[in-house]
Amino acid sequence: MRPVRFEFVQRLQAPLPVVEAAFVDPEFLQQLAASPRLGRVELLDSTDDGEHVHQRIRYSFAGELSGAVKAVVDPARLTWVEDSTLDRRSHVTAFTILPDNYARLLDASGSIRLEPDDPCAVRRTQGRGRHCFRIAGAR
């Protein structure tokens, strides 16, 4: 299976320092659990030395899966850990997705760069991934 390159760009309605602080705030992470596509969001650990924040966060998928995928994947076991390190000086977060199950079917890694766009911020996620199944509705 060939890796797929991906990029997501989001314009966020807050200044870069506010956005960066939110994404490492445990309370904000709990608010993400309200997303219809994310089930449980669990902060496993977080360390902050002032320049770098290292986090491990477990997510569970709560979206729709096609019937063909459900034949080989148990939706209740579709969970993963995002292992990430934010460099506060460069505003870049390096991340790796570590599936709890189905490691041969899904993996990804990349970076998230925050850029100022006064008075807002742009969040640019780039990476490479490999997947062998299709989520219903995904293109």
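Preceding this paragraph is the structure being described.
Residues numbered from 1 in each chain as written. Predicted model: local features only at pLDDT ≥ 70, side-chain atom pairs only at ≥ 80, totals over all residues. Heavy atoms only, no water.

Looking now at the overall build of the protein chain. For the protein chain, the helix and strand inventory stands at 3 helices and 7 strands. The secondary structure elements of the protein chain, listed N-terminal to C-terminal, are β-α-α-β-β-α-β-β-β-β. Computed over C-alpha atoms, the radius of gyration of the protein chain comes to 16 Å, within 12% of the 14 Å expected from 2.2 N^0.38 for 139 residues, which places it in the range of a compact globule. Considered along the principal axes of its C-alpha atoms, the protein chain spans approximately 45 × 25 × 25 Å. When burial is assessed residue by residue, the protein chain has 31% of its 139 residues classed as buried. In the protein chain, of all internal contacts separated by at least 6 residues, the share reaching a separation of at least 24 is 51%. In the structure as shown, the protein chain presents an accessible area of about 8,600 Å², 53% of it carried by carbon and sulfur atoms. Across the protein chain, the centroid of the 19 positively charged side chains sits 11 Å from that of the 19 negatively charged ones. (Helix = DSSP H or I, 4+ residues; strand = E, 2+ residues; numbered from the N terminus. Rg over C-alpha atoms; globule rule 2.2 N^0.38 Å. Buried < 20%, exposed > 50% of the residue type's maximum accessible area, 1.4 Å probe, protein only. Contact = heavy atoms within 4.5 Å. Areas by Shrake-Rupley, 256 points an atom, 1.4 Å probe, with all protein chains shown as cover. Lys, Arg positive; Asp, Glu negative; His and termini not counted. Charge placed at Lys NZ, Arg CZ, Asp CG, Glu CD.)

Taken as a whole and judged by the stated rule, the model has 10 salt bridges. Among the salt bridges present, the one from Glu 7 reaches Arg 124, with a minimum N-O distance of 3.3 Å. Here Glu 7 is found in strand β1 (residues 4–12), whereas its partner Arg 124 is found in strand β7 (residues 120–131), with 117 residues between them in sequence. Exposure remark for Glu 7: the relative accessible area of 42% places this residue in the partly exposed category. Between Arg 89 and Asp 87 there is a salt bridge, with the nearest N and O atoms lying 3.8 Å from each other. For Arg 89, a relative accessible area of 58% gives the class exposed. Among the charged side chains, a network of salt bridges with common partners joins Arg 40, Glu 42, Arg 58 and Asp 100. (Salt bridge = Lys/Arg side-chain N within 4 Å of Asp/Glu carboxyl O.)

With that settled, the discussion passes to the environment of Glu 20. Positionally, Glu 20 belongs in helix α1 (residues 16–22). Residues Glu 20 and Val 92, spaced 72 residues apart in sequence, show a C-alpha to C-alpha distance of 9.7 Å.

Turning our attention to the packing of aromatic side chains. Applying the stated criterion across every chain, the model contains 3 aromatic pairs. Aromatic pair Phe 23 and Phe 28: ring centres 5.2 Å apart, planes at 75 degrees, arrangement edge-to-face. On the basis of relative accessible area, Phe 28 is assigned to the partly exposed category, the value being 24%. Geometrically, the ring pair formed by Tyr 59 and Trp 80 is stacked, given 6.0 Å between the ring centres and 20 degrees between the ring planes. Of the two residues, Tyr 59 is situated in strand β3 (residues 52–61) and Trp 80 in strand β4 (residues 79–87); the sequence distance between them amounts to 21 residues. Stacked on the ring of Tyr 102, the Lys or Arg Arg 77 has its end atom at 5.5 Å from the ring centre. Positioned above the aromatic ring of Phe 23 is the side chain of Arg 123, whose terminal nitrogen or guanidinium carbon lies 4.1 Å from the ring centre. (Phe/Tyr/Trp six-rings, centres within 6.5 Å; stacked < 30°, edge-to-face > 60°. Lys NZ or Arg CZ within 6 Å of the ring centre and 35° of its normal.)

Across the 9 residues that make up β4, a large majority, 7, are buried. Pairing of β3 with β4 involves 9 bridges; the strand directions are antiparallel. Counterpart to Tyr 59 in the pairing with β4 is Trp 80. Between β4 and strand β5 (residues 92–99), which pair antiparallel in sequence order, lie 4 residues; one of them, His 91, sits at a positive phi of approximately 60 degrees. (Pairing = 2+ DSSP bridges.)

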